[in-house]
Amino acid sequence: MKEIIPAKALDQHIGILGKTGSGKTFAAKGIVEGLLDRGRQACILDPTGAWYGLRLLADGKSKGWPIILLGGEHGDIPLSARSGEAVARLVTEQRASVVIDTSGLTVGEYTRFFIDFAGKLYTSIRSPLHLVIDEAHYFAPQGKVPDPDTGRMLHAANRLMSGGRSRGVR
């Protein structure tokens, strides 16, 4: 398959923007599949439960990429609000490629999870990691933040994105 985004560009921060239903997640999945094909590590934050299909090939039956599914309906391991640091350690110490499905968590639970996850990821990452934050507005809301935890989550997202590249976050 022809690459639509040069490999060098994927060593930087990129964003996929578009209207609802325009194929942003589909495009991101294609990019991640290419990265996994090249042996790159990927971590996907999935608030909608749409990414479990990375475990399957296009036929929907054959085994796809060796990726760990955390949380959600198809998860290998349940996800809890207090497991953010442990998941970050799995990603950084074991160099596991993971899909983190937060669709089964409440707003308060995924806020708590992300604060701990992003904080630990930032301080412990030492090698390249392609981090996909699907539906980024869940984790980095715009406008007035309604409570201190949401503010802490927004700060954690900003820190991870602004300072993470020097640590290996792509």
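Residue numbering note: each chain is counted from 1, following its sequence as written. Only residues with pLDDT of 70 or above have their local features reported here, since the model is predicted, and side-chain atom pairs are shown and tallied only from 80 upward, although totals for entire chains, interfaces and linings are computed over all residues. Hydrogens and water molecules were not included; the side-chain quantities draw on all heavy atoms of the structure.

A word on the sheet that holds strand S4 (residues 130-133)
Part 1 of the reasoning: By the convention used here, strands pair only if DSSP detects at least 2 bridges between them. Secondary structure counts use DSSP, requiring at least four H or I residues in a row for a helix and at least two E residues in a row for a strand, with both numbered from the N terminus. Overall, parallel pairing links the 4 strands, which are arranged S2-S3-S1-S4 in an open sheet. The open sheet is flanked by strand S2 (68-70) and S4, the only strands paired with a single partner. If you compare each strand with its neighbour and ignore which way they point, the axes differ by 10° on average.
Part 2 of the reasoning: In terms of strand pairing, strand S1 (residues 42-46) meets S4 through 4 bridges, oriented parallel. Its bridge partner being in S4, Ala42 is matched across the sheet by His130.
Part 3 of the reasoning: The sheet contacts of helix H3 (residues 107-124) involve S1, strand S3 (98-101) and S4, and relative to S1 the element is tilted by about 160°. Angles run from 0 to 180 degrees between N-to-C directions of axes, and those axes are lines fitted to C-alpha atoms, restricted for helices to the stretch in contact. By definition in these notes, contact holds between two residues if any of their heavy atoms fall within 4.5 Å.

Thoughts on the pattern of salt bridges
Part 1 of the reasoning: In the sections that follow, a salt bridge refers to a side-chain nitrogen of Lys or Arg positioned within 4 Å of a carboxyl oxygen of Asp or Glu. Following the criterion strictly, the structure yields 4 salt bridges and no others.
Part 2 of the reasoning: For Asp76, the salt bridge is made with Arg55, and the minimal N-O distance between the two is 2.8 Å. Of this pair, Asp76 sits in the loop between S2 and helix H2 (84-93) while Arg55 is found in the loop between S1 and S2, placing the two residues 21 residues apart along the sequence.
Part 3 of the reasoning: The closest approach of N and O atoms between Arg112 and Asp116, which form a salt bridge, is 2.6 Å. Pair noted here: Arg112 and Asp116 are both in helix H3, with a separation of 4 residues, about one helical turn.
Part 4 of the reasoning: When a residue's accessible area, from a 1.4 Å probe over protein chains only, is under 20% of the maximum for its type it is buried; when over 50% it is exposed; and in between it is partly exposed. Look at Arg112 and you get buried, because its relative accessible area is 17%.
Part 5 of the reasoning: Judged by relative accessible area, Asp116 falls into the buried class, the value being 16%.

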